[in-house]
Amino acid sequence: MEFINKINNCKFVLIAENNDIFTDFSPYVPSINNKGVVSFQSYLKNGNSGIFYGNGYIINKVIDTNNSIFGEFYSHPDINDKNLFCVYGKLKNNQENLFLFDKSYIKDITKNSNYFTNIGPLGPTMNEDGLIAFRGFFKEKESGVFISKENSFELIADTSNIFSDFYGLPFINNNGNVLFRANLKNGNQSIYIMKKGNLENIIDTSNFFLNIGFFPNMNDNEKIIFNATLKSGEEGIFTITNGKIERFIDNKNSNFEAFRGAIINKNDKIIFYAVPKSNKSEKNLGVYKGFDPHLDKIIAIGDTFLDSKIIDFALNPVSINDFNQIAIRIKLENNKQFIFRVDF
């Protein structure tokens with residue numbers, strides 16, 4: 001199934017829906033590569049769960065828990081253009097690991113390591129070279145941000161020094177640089193980047209920012225995007241390029257009153273999640289490709305959709321590609337669930 005929304009000219013391509021095989025796609029987001037292939041996790045009618053991918057015509061299985069060493073998968077899967085898949089998985093002995101899959105092998109990135117007590121939370125991100133950024137806990141409840149390198153991993157940052165905690169996804173681009181959101185022990189919120197072996201503070205709340213969103217991300221041009229609230233009370237979506245901070249949109253100079261996040265591709269195309277200003281008592285979060293709350297809306301909570309109403313959706317930085325496509329999970333009031341690719 002596919003259709004075009006005549007208001008915003010977006011093309012919706014159905015990847016999967018809950019049916020006689022798939023029962024539940026939540027709570028994880030789908031990911032998408034530059035070929036328009038979407039990967040997702042689902043619980044199955046037979047009680048198992050698995051990782052799958054599709055293009056709108058056919059759905060293929062990567063792996064499931066049926067008759068395998070896996071007890072469950074507990075993150076979104078990320079997919080790259082080589083059809084490599086990474087995901088957090090728990091073995092039947094409850095050991096948590098980061099796994100890399102392709103059509104012919106399974107690689108356990110963190111196997112045989114006494115270093116970790118837990119892998120995660122949330123999920124990993126992967127670039128076209130198969131390098132993976134991920135979070136984990138080790139030692140006595142210290143947490144860290146890591147990058148996989150071939151058959152091993154490297155610690156980027158941990159809570160034994162200036163950092164008190166990490167949030168969201170550590171995001172790796174095709175230059176091998178890793179961006180992450182952290183709180184500092186001095187009380188500030190911050191965004192850091194590991195670039196060419198050097199750890200750099202991009203922005204923090206010591207100056208004009210009051211709060212910084214949990215999911216900053218960047219493209220291969222090193223343009224960083226994030227949502228934040230200023231100490232003046234305004235909130236919006238901001239970008240940083242070569243150290244220069246710019247407002248993409250804010251609630252003072254737009255028809256939106258609140259912002260929850262944004263994602264960006266290599267062409268600097270930006271999708272953001274926001275709540276529009278309205279005289280109605282019901283003000284719902286939506287996904288937007290531009291500044292017009294009506295013409296640029298892709299979907300929103302409360303929208304009529306396929307003979308029901310949208311009550312939930314999910315996407316994050318792994319859900320956009322460089323060809324102006326996003327992958328999104330949608331849940332309706334009638335309990336139907338869908339994974340869609342949206343060409344915007």
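Caption draft 1: Molecular detail of the environment of D268. Mapped onto the elements of the fold, D268 is located in the loop between β27 (256-264) and β28 (270-276). On the accessibility criterion, D268 (34% relative accessible area) is partly exposed. Residues D268 and I225, spaced 43 residues apart in sequence, show a C-alpha to C-alpha distance of 9.9 Å. Setting aside residues up to four positions removed in sequence, D268 forms contacts with N219, N221 and K223. One polar contact links D268 to N219, side chain to side chain, over a distance of 2.7 Å.

Caption draft 2: Inspection of the sheet that holds strand β2 (residues 10-17) at higher detail. Spatially, the 6 strands line up as an open sheet ordered β1-β2-β34-β33-β32-β31, and their pairing is antiparallel. Both edges of this open sheet fall to β1 (2-5) and β31 (304-305), since each of them pairs with a single strand only. Two elements, β1 and β2, share 4 bridges in a ladder whose sense is antiparallel. Residue pairing for β2: E2 is matched across the bridge by V13.

Caption draft 3: Looking closely at the sheet that holds β27. Read across the sheet, 4 strands follow the order β27-β28-β29-β30 without closing on themselves; strand pairing throughout is antiparallel. At either margin of the open sheet sits one strand with a lone partner, and together these are β27 and β30 (297-300). Going from strand to strand, the sheet's axes swing by 25° on average, the running direction of each strand aside. As defined by bridge partners, β28 adjoins strand β29 (residues 286-288) across 3 bridges and the pair is classed as antiparallel.

Caption draft 4: Highlighting the nonpolar core. Membership of the largest hydrophobic core comes to 21 residues, with the highest contact counts inside it found for V287, I298, I299, I328 and F340. For this core, the elements supplying multiple residues, two or more each, are β2, β28, β30, β32 (308-314), β33 (325-332) and β34 (337-343). In terms of residue count, the dominant contributor to this core is β33 (4 residues). With residues near it in sequence (within four places) discarded, I298 still touches N8, C10, F12, I271, V287, Y288, K289, I326 and V342.

Caption draft 5: Structural context of the pattern of salt bridges. Using the criterion set out here, one finds 12 salt bridges in the structure. For E96, the salt bridge is made with K90, and the minimal N-O distance between the two is 3.9 Å. For the pair shown, E96 and K90 are each scored as buried. In this structure, the salt-bridge partner of R341 is D343, at a minimum N-O distance of 2.9 Å. Each member of the pair, R341 as well as D343, is classed as buried.

Thresholds applied
Residues numbered from 1 in each chain as written. Predicted model: local features only at pLDDT ≥ 70, side-chain atom pairs only at ≥ 80, totals over all residues. Heavy atoms only, no water. Helix = DSSP H or I, 4+ residues; strand = E, 2+ residues; numbered from the N terminus. Buried < 20%, exposed > 50% of the residue type's maximum accessible area, 1.4 Å probe, protein only. Contact = heavy atoms within 4.5 Å. Polar contact = N/O pair within 3.5 Å; in protein donor to acceptor, adjacent residues only side chain to side chain. Pairing = 2+ DSSP bridges. Axes fitted to C-alpha atoms, helices over the stretch in contact; angles between N-to-C directions. Core = buried A, V, L, I, M, F, W, Y, C linked by side-chain atoms within 4.5 Å. Salt bridge = Lys/Arg side-chain N within 4 Å of Asp/Glu carboxyl O.

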